Structure formats: C-alpha cells, structure tokens
Amino acid sequence: MDSNRIVVTGIGAVTPMGNSWPDTWAALVAGRSGVGNITSFDTTGYTSTLAAEVKDFDPTGTVEPRLLKRTDPFILFGVAAAKEALEAAHFVIDDDNAERVGIVFGSGIGGLRSLHANFETLERRGPTRVSPFLIPMLIGNMAAGLISIQTGARGPNKAIQTACATSAHCLGDAARMLQRGDADVIIAGGSEASIEPLALAGFASMKALSTRNDDPARASRPFDLGRDGFVMGEGGCALVLETLGHAEARGAEPLAELAGYGLSGDAYHIAAPEPSGDGAVRAMQQALDDAGLVPADLGYINAHATSTPAGDISEVHALHRLYGGKIITPVSGTKSMTAHLLGAAGALETAICIAAIREGILPPTINNETPDPECDIDCVPNEAREVSISTAMCNSFGFGGHNCSLIVRGV
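(A) The overall build of the protein, seen in detail. Counting secondary structure elements, the protein contains 12 helices and 14 strands. The C-alpha radius of gyration computed for the protein amounts to 20 Å, which stays within 12% of the reference 22 Å derived for 411 residues, consistent with globular compactness. When each of the 411 residues of the protein is scored for burial, the buried share is 61%. Expressed as a percentage of contacts within the protein between residues at least 6 apart in sequence, the contacts between residues at least 24 apart total 79%. Total accessible area on the protein is roughly 15400 Å²; 53% of this is exposed by carbon and sulfur atoms. Charge separation in the protein, taken as the distance between the mean sites of 29 positive and 47 negative side-chain charges, equals 4 Å.

As structure tokens, this is what we get:
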C-alpha cells in the first residue's frame, strides 16, 4: 500500500443541520431541511426571505472570550469545525510537530457581516468609530489565520477564494502539498457566514434565489421541475488530511482516501455555467484520471446541484458527456437540505461522500416532487438509500467558471 496516498482522518462541521459533524450527518440521513425564514434581520421588502441559518451555535470555547466580539462568524464557524476535526482525528498539535501541520482554508465571501455593520457605523457615527478589528474580521484568509493561532499549527498556511468551489480547491491543494512533502498533516476546508442584508439583496437582484417564501423547507429542490433558484446557507467544514504513512505511524484510523482532484475553468461567464458543461466534464475527467478510475467505478456522485434552473441542467449535461450516454451512478443534491454553503459547500459535501462510503447510506435529494425530464438521473429522491459503495465524487462549481471535482475512496 502506497504510504504517500492522502487520507482523511477527522471531520468537523458547523451547519444549518447541526453544530457538529455527527449531528449534521444524522439530519441528512433523515432527510431534514435546514431551511427556514430568516431570523437574524428584518427581511421586509426583500423578494427572498429564506435561508439555512446556523442555529443555537455557542462560540464559547472556540476562541478566547476577549476575541468573540472581534471575530466574524465565518471565522468562528471555521475554527469550531477545525477543532472538532482535530479531536475526531485524535491528533494533538505540540511543539514537536507544529511546524509540520498546515492550514488550507478559505471563504467564498469572507466577513461580509462585519463589513456591513461597520459601514453602517461609519455612516451614522463617523470614521473614528469604525472598529480597529474590521479588517481582520473582514478578510477571507482570517479563518485560516485564526485556526493556526488557536491550534498552534505553524506549517504552511494559506487561503483560497474561488467562490462556491473554494473549500473543494482547499482540499485538493492540501493533498498536493502533502504529496510534495510540504507538511505531514493539513487542516483543510472552508467557512461562510453571509446571510445578511447586503448579500441577500445582491443575490436576489441577480434573480439567483428561490422566492418560495411561504414554504421555505421545500424551496431548495435540485433537479425538480419547480426549482426557482438557490437558497443561501452558512457554516463551516474542516477535514484533517495526512499521508497514509503518517496516519499509520501514529495509529490513526483513515476514514477515506482523497484519491482524485480535477479542476478547470469555463472561460464563459461571470456567473452563469457553460451550458454544455464543458468545463465541468473536464474537471470530473481529471479527477477520475488522477484516481485511476472510469465513470462506471463511481458508486455515488454528490452533485453541485444548487437548485437553479440553468445550473442543474448544465451539470446533468456534463455527466452525460462524462458517461458517454446514460448516467448509471446515483447522483444526489444534498443542498436540498443544507442549502448552499457557498465557500464551505465543497468540504461539507466531500465529508458527505466519505460518510456515504463508510455508512453505506446515500443521502437523498429531498423536495423532488416533479422530476425535470431534462435532469434524467437517479437523484436518490426524497429518502436515503442503503447501498454499499467504495468510491464517490463531489462536484463544486463557482461563479467565474471555477470547477472542481474530488474523488474519495474507501480504505
């Protein structure tokens, strides 16, 4: 067995489904929706008034009490997920290993809540009352920075920002860094906390959001004929990656192998997907080639599937091209439950793929009531399915034409 293979040894998550990874997975298997009417601000006048908010999150213990008011929620979500992942991996960072522990962690948008709040302060009270901590609360690399500070990891530390593909790229790049020998262990993933007035208004102005305001739990409906846009979500997800040799040497149990990484650019549009799925299929094929697999080897695909009319069809077209015809692999859209965690989505959905392999359960696409004939796939409609699989692929596609596919394999 190649000791340089990259394995996942810990998972942590803060999501609309629960404030830990086990709670999140249990809710997904049960087919529960995390979407509801927005509670964190007044949505009067907005065309879309729903989102999947993190609920009852207690940041106590995430950072020191003096830092809580100086830290944007996207950072807190990221630190909490990273600490849970390290605990799950049974890995302790100390003076002997700290310089060999890296962080690759990003956010699609960053601290938009802090930006908005401080802009209002600027307008009402003037420039001298803007928080001196605004910039560290705002910049998208600060989840990676504070994870390092809070855990003591002193190895390579970087952040990636590729919109909705952010955390998927973080996982893939972390794997490459481990293969090069840049570190022995890397905490990788992403976090997002952009359910706030400006972001909601911006996405709504693009006509990108669902307006099923009277029935929020049924608003996110990938591959369904009645889908009308995506639903914003928030949270964070972190995975601990290391080489198989390093995991074995310390007696850690690998959860899965990160076996394939593919990425591409559409060179098409700032927001819309390329209709034929050309960039997406190239990313998927690269990931398969990297893993030494063919499409028929895949037991499950977690689709990007945001529940937008154009995006879901584009992804299905890409899958048809990948398979050269009929798509024989189950393909579910778990954003039907979690909504779209933007920069955190790829890491969370990779974790879902790992759990599907380990638990023998495919999470469903809920709200699939009237299947779109153009989305002719087995989307695991409405109920989880027990099935034994050994490989799974996760797709993440971001505004600007950023495409990323990851393949995980049982070990």
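(B) Molecular detail of helix 3 (residues 112-125). The first and last C-alpha atoms of helix 3 sit 20 Å apart over 14 residues, in line with the 20 Å expected at 1.5 Å per residue. Looking at helix 3, one finds that the buried residues are L112, S114, H116, N118 and T121. On its buried face, helix 3 sits against helix 4 (134-138) and helix 7 (197-205). One or two positions beyond helix 3, positive phi appears at G126, with a value near 95 degrees.

(C) Expanded view of the packing of aromatic side chains. Counted by the stated rule, this structure contains 5 aromatic pairs. Look at F41 and Y46: their rings are 6.1 Å apart centre to centre, the planes differ by 65 degrees, and that puts the pair in the edge-to-face class. A relative accessible area of 16% means that F41 is categorised as buried. Exposure remark for Y46: the relative accessible area of 23% places this residue in the partly exposed category. Here F57 and F77 contribute two aromatic rings whose centre-to-centre distance is 5.1 Å and whose plane-to-plane angle is 75 degrees, an arrangement assigned as edge-to-face. Highlighted residues: F57 in the loop between strand 3 (50-51) and helix 2 (73-88) and F77 in helix 2, separated in sequence by 20 residues. Among the residues examined, F57 registers a relative accessible area of 22% and is labelled partly exposed. Following the ring pairs from residue to residue traces out a cluster consisting of F203, F230 and F399.

(D) Local environment of helix 5 (residues 142-151). Counted residue by residue, helix 5 has 9 buried out of 10 residues, so it is predominantly covered. Of all the positions in helix 5, only M142, A143, A144, G145, L146, I147, S148, Q150 and T151 are classed as buried.

(E) How the structure looks around the nonpolar core. In this structure, I11, W21, L239 and L241 are the most contacted members of the largest nonpolar core, which totals 53 residues. Ranked by residue count, the leading element in this core is helix 12 (residues 345-359), at 10 residues. Leaving out residues up to four positions away in the same chain, L241 has contacts with I6, V7, V8, L171, A174, A175, L178, D184, V185, I186, A188 and L258. Counting 32 residues, the second-largest nonpolar core is a separate cluster that includes L67, I75, A89 and F105.

(F) Broad picture of the packing of helix 9 (residues 278-291) against helix 10 (residues 309-323). For the pair helix 9 and helix 10, the least separation of the axes is 8 Å and the interaxial angle reads 45 degrees. Our classification of the angle between helix 9 and helix 10 gives oblique. Taken as a pair, helix 9 and helix 10 cross one another with a handedness that is right-handed. Each of D278, A280, V281, M284, Q285 and L288 in helix 9 lies in contact with helix 10, whose residues at this interface are A318, L319, R321 and L322. Tallied by class, the residues present in the contact of helix 9 with helix 10 amount to 7 nonpolar, 1 polar and 2 charged.

(G) Focus on the sheet that holds strand 6 (residues 185-192). If you trace the 10 strands from one edge of the open sheet to the other, you get 5-4-6-7-1-8-14-13-9-10, paired in mixed fashion. The sheet is open, and its two borders are formed by strand 5 (157-158) and strand 10 (331-332), each paired with just one other strand. Helix 5 rests against strand 4 (101-106), strand 5 and strand 6 of the sheet, and its axis sits at about 150 degrees to strand 4. Each of strand 9 (300-302), strand 10 and strand 13 (391-398) touches helix 10; the most contacted strand, strand 13, lies at about 135 degrees to it.

Cut-offs used in this document
Residues numbered from 1 in each chain as written. Predicted model: local features only at pLDDT ≥ 70, side-chain atom pairs only at ≥ 80, totals over all residues. Heavy atoms only, no water. Helix = DSSP H or I, 4+ residues; strand = E, 2+ residues; numbered from the N terminus. Rg over C-alpha atoms; globule rule 2.2 N^0.38 Å. Buried < 20%, exposed > 50% of the residue type's maximum accessible area, 1.4 Å probe, protein only. Contact = heavy atoms within 4.5 Å. Areas by Shrake-Rupley, 256 points an atom, 1.4 Å probe, with all protein chains shown as cover. Lys, Arg positive; Asp, Glu negative; His and termini not counted. Charge placed at Lys NZ, Arg CZ, Asp CG, Glu CD. Expected span 1.5 Å × (residues − 1). Phe/Tyr/Trp six-rings, centres within 6.5 Å; stacked < 30°, edge-to-face > 60°. Core = buried A, V, L, I, M, F, W, Y, C linked by side-chain atoms within 4.5 Å. Axes fitted to C-alpha atoms, helices over the stretch in contact; angles between N-to-C directions. Parallel < 35°, antiparallel > 145°, perpendicular 65-115°, else oblique. Left-handed = near helix turned anticlockwise from the far one by under 90°. Nonpolar A, V, L, I, M, F, W, Y, C, P; charged D, E, K, R; others polar. Pairing = 2+ DSSP bridges.

Just distances and angles here, no functional claims.
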